[in-house]
Amino acid sequence: MAENLFLTGVDEHGSKVEKSAIAAGKTPQEFCDEMSAKFRSAWESLDVSFDYFIRTTEERHSRVTQEIFRRARDKGDIYKNKYVGLYCEGCEDFVRERDLDDNGNCKIHKAPPKRLEEDNYFFKLTKYKPLIKEWIEKNPTAVQPESRRKEVLNQLDDPELGDFSVSRARSSLTWEFLLPMSQSR
């Protein structure tokens with residue numbers, strides 16, 4: 001029987017965190033420390049147990065993330081390119097036109113996304129799609145239930161599923177997580 005780990009935590013970087021900290025009259029780190037404690041307390045009061053509570057501002061998270069990024073970069077799996085797309089500030093994510101409502105708004109935030117063009121670092125998913133598909137087909141119980149396995153396999157066949165952005169190359173944020181390639185600004 002496979003061992004399961006339950007990981008939970010908080011994403012403490014980004015423009016919404018920075019804006020919320022300023023509005024609260026705190027530094028981003030002070031704000032994150034306060035919010036992290038509240039989330040952790042909420043899980044405990046709900047009697048939700050977890051194996052690890054991860055904070056993106058923790059040294060261990062920074063160290064491991066930078067090492068994974070460095071290894072992928074050194075293998076040639078990370079490259080810099082322009083990202084052009086629709087960006088929803090509420091989601092803090094790029095969205096596709098097919099994911100918008102009939103009025104061109106984000107379905108969650110009911111606001112139009114901004115068209116953005118920026119330098120990003122991308123991971124070469126397209127290099128690995130055939131290998132991932134082959135592995136899933138050879139290991140049919142690896143993704144369950146079966147409906148999700150078929151969904152993943154279908155997504156791997158989707159030509160729209162290409163390389164994806166793993167980090168902005170430049171940012172105007174003062175509160176962000178810096179990766180090895182983006183530290184010299």
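> Which parts of the structure should I look at to understand helix α5 (residues 146-157)?
A turn of α-helix holds 3.6 residues, and therefore any two residues three or four places apart point the same way. Taking 1.5 Å of rise per residue, the 12 residues of α5 would be expected to cover 16 Å, and the 17 Å separating its terminal C-alpha atoms lies within 8% of that figure. Looking at α5, one finds that the buried residues are R149, L153 and L156. Burial along α5 is one-sided: seen end-on, the buried residues are contained in an arc of 55°. Turning to α5, the residues buried within the fold contact α4 (125-138).

> Sorry if this is basic, but what is going on with the packing of aromatic side chains here?
Each aromatic ring pair is described using two quantities: the centre-to-centre distance and the angle formed by the ring planes. What the rule picks out here adds up to 8 aromatic pairs. Ring centres 5.6 Å apart and planes at 20° place the aromatic pair Y79 and F122 in the stacked group. Taken together, the positions of Y79 in strand β3 (residues 78-88) and F122 in strand β5 (residues 114-123) put the pair 43 residues apart, joining distant regions of the chain. Residue classification places Y79 among the partly exposed positions, given a relative accessible area of 24%.

> I would appreciate a short explanation of unusual backbone geometry in the present structure.
Note on backbone geometry: most residues besides glycine have negative phi, and most peptide bonds are trans. Between Q144 and the following residue, P145, the backbone shows a cis peptide bond with an omega angle of 0°. Locating P145 in the fold gives a position in the loop between α4 and α5. At E92, a position not held by glycine, the phi torsion is positive, near 50°. Within the secondary structure, E92 sits in the loop between β3 and β4 (93-95). Judged by relative accessible area, E92 falls into the partly exposed class, the value being 27%. At K110, a residue that is not glycine, the phi angle is positive and equals roughly 55°. Here K110 lies in the loop between β4 and β5.

> Explanation requested: helix α1 (residues 15-23) in the structure shown.
Along α1, the positions that sit buried rather than exposed are S15, V17, E18 and A21. Taken end-on, α1 shows its buried residues confined to a sector of 165°, consistent with a single buried face. Counted as exposed and oriented over 90 degrees from the buried face of α1: K19 and A23. Next to the buried residues of α1 lie α2 (28-45). G25 lies just past α1 and shows a positive phi near 75°.

> Is there a simple way to explain the sheet that holds β3 in this structure?
Across a sheet, strands are paired by hydrogen bonds formed along the backbone, either parallel or antiparallel in direction. Pairing within the open sheet is antiparallel, and its 4 strands lie in the order β4-β3-β5-β6. This sheet does not close on itself; its edge strands, each paired only once, are β4 and β6 (164-168). Taken pair by pair, the neighbouring strands of this sheet meet at an average axis angle of 60°, ignoring direction. Bridge count for β3 against β5 is 10 bridges, and the pairing is antiparallel. Note that in β5 the partner of I78 across the bridge is F123.

Criteria and cut-off values
- Residues numbered from 1 in each chain as written.
- Predicted model: local features only at pLDDT ≥ 70, side-chain atom pairs only at ≥ 80, totals over all residues.
- Heavy atoms only, no water.
- Helix = DSSP H or I, 4+ residues; strand = E, 2+ residues; numbered from the N terminus.
- Expected span 1.5 Å × (residues − 1).
- Buried < 20%, exposed > 50% of the residue type's maximum accessible area, 1.4 Å probe, protein only.
- Arc of directions from axis to C-beta.
- Contact = heavy atoms within 4.5 Å.
- Phe/Tyr/Trp six-rings, centres within 6.5 Å; stacked < 30°, edge-to-face > 60°.
- Pairing = 2+ DSSP bridges.
- Axes fitted to C-alpha atoms, helices over the stretch in contact; angles between N-to-C directions.

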